[in-house]
Number of protein chains: 2
Amino acid sequence: MAIPTNDHNFYMKKAMHQAEIAFEEGEIPVGAVVVCNGQIIAKAYNQTERLNDITAHAEMLAITSAANYLGGKYLQDCTLYVTLEPCVMCAGALYWSQIGTLVYGASDSKRGFSKISEPLLHPKTKLVSGVLARESELLMKAFFAARRK
Amino acid sequence: MAIPTNDHNFYMKKAMHQAEIAFEEGEIPVGAVVVCNGQIIAKAYNQTERLNDITAHAEMLAITSAANYLGGKYLQDCTLYVTLEPCVMCAGALYWSQIGTLVYGASDSKRGFSKISEPLLHPKTKLVSGVLARESELLMKAFFAARRK
């Protein structure tokens, strides 16, 4: 059965799976996938601890991986799904990538890019938010609750 | 003879040398170095073309390299010198790195982070701008003039 390419929940579940891998590895649980023509061409999860690198957010790794797969730097025909609202760094990277659509799950009230009042994404990028937001929030809460023990 | 650690011109010249390597390799000529206790611990130049990766700005590569050298993700005791004003992505990365001081050369009137009216850098980051700005501007102009031929 073909998966409708507009099924945001379907792809966000794949991103959530990446976030769960991050969780199991002791990383802040954020996951991302990049979809192009209905196909997942990149998947990644936050690896800032393992790589000892503050730039290793799920989105950054997914953008690099997707460009590598496509053999081109720009992602106009792609959609990036990420479980948490991107930060300013990742929004800046998404700008340069000219991503076609950004779909995110939970909002990030502290460091989410939408806290900046000026637009940071590329003017042609479509934005969808709140997809599986509750699941993402619960995973984040479980992560930080476990850390406080 | 010891080099005074506050000699911004000295270190910016090292960053300019990185920008010149980028120029020779057909990359937009931006270079960066990271200095810690008077020692250059990382140097990098823009490699977006070679790596086919919009995230491969000089600052991003320098941050990753410096963290790798130090064995820690945060750069509070370091200064990053970069020949061009960082973009929003790089400013966001510098925020996460908690870089001690950012010194940049030429301003970027189109994509420089200071075009955003809200502060993007970490509140503890000191900022110096305009160091060897003219040299950086000339190199950028030469690059784009050569491309138009």
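Residues numbered from 1 in each chain as written. Chains lettered and ligands numbered in written order. Predicted model: local features only at pLDDT ≥ 70, side-chain atom pairs only at ≥ 80, totals over all residues. Heavy atoms only, no water.

(A) Broad picture of the pattern of salt bridges. For the coordinates displayed, the defined rule picks out eight salt bridges over all chains. E85 of chain A is the salt-bridge partner of K115 of chain A, the closest N and O atoms lying 3.7 Å from each other. Of this pair, K115 of chain A sits in the loop between β4 (101-106) and β5 (126-129) while E85 of chain A sits in the loop between β3 (78-84) and α3 (88-97), and the two are 30 residues apart along the sequence. On the basis of relative accessibility, which here comes to 39%, the residue K115 of chain A falls in the partly exposed class. Overall, E85 of chain A belongs to the buried group, its relative accessible area being 2%. E137 of chain B serves as the salt-bridge partner of R134 of chain B, at 3.7 Å between the closest nitrogen and oxygen. Of this pair, R134 of chain B and E137 of chain B both sit in helix α4 (residues 133-148), three residues apart, which is roughly one turn of the helix. (Salt bridge = Lys/Arg side-chain N within 4 Å of Asp/Glu carboxyl O. Helix = DSSP H or I, 4+ residues; strand = E, 2+ residues; numbered from the N terminus. Buried < 20%, exposed > 50% of the residue type's maximum accessible area, 1.4 Å probe, protein only.)

(B) The arrangement of the sheet that holds strand β1 (residues 31-36) of chain A in detail. All names here are of chain A. Pairing is mixed across the open sheet formed by five strands, whose spatial order is β2-β1-β3-β4-β5. Two strands bound the open sheet, and with one partner strand each, they are β2 (39-45) and β5. In this sheet, neighbouring strand axes are inclined to one another by 15 degrees on average, regardless of whether the strands run parallel or antiparallel. In this sheet, β5 lies alongside β4 in parallel orientation, the contact comprising four bridges. Paired with V103 across the bridge in β5 is V128. On the sheet, helix α2 (residues 58-70) packs against β1, β2 and β3 and is oriented at approximately 145 degrees with respect to β2. (Pairing = 2+ DSSP bridges. Axes fitted to C-alpha atoms, helices over the stretch in contact; angles between N-to-C directions. Contact = heavy atoms within 4.5 Å.)

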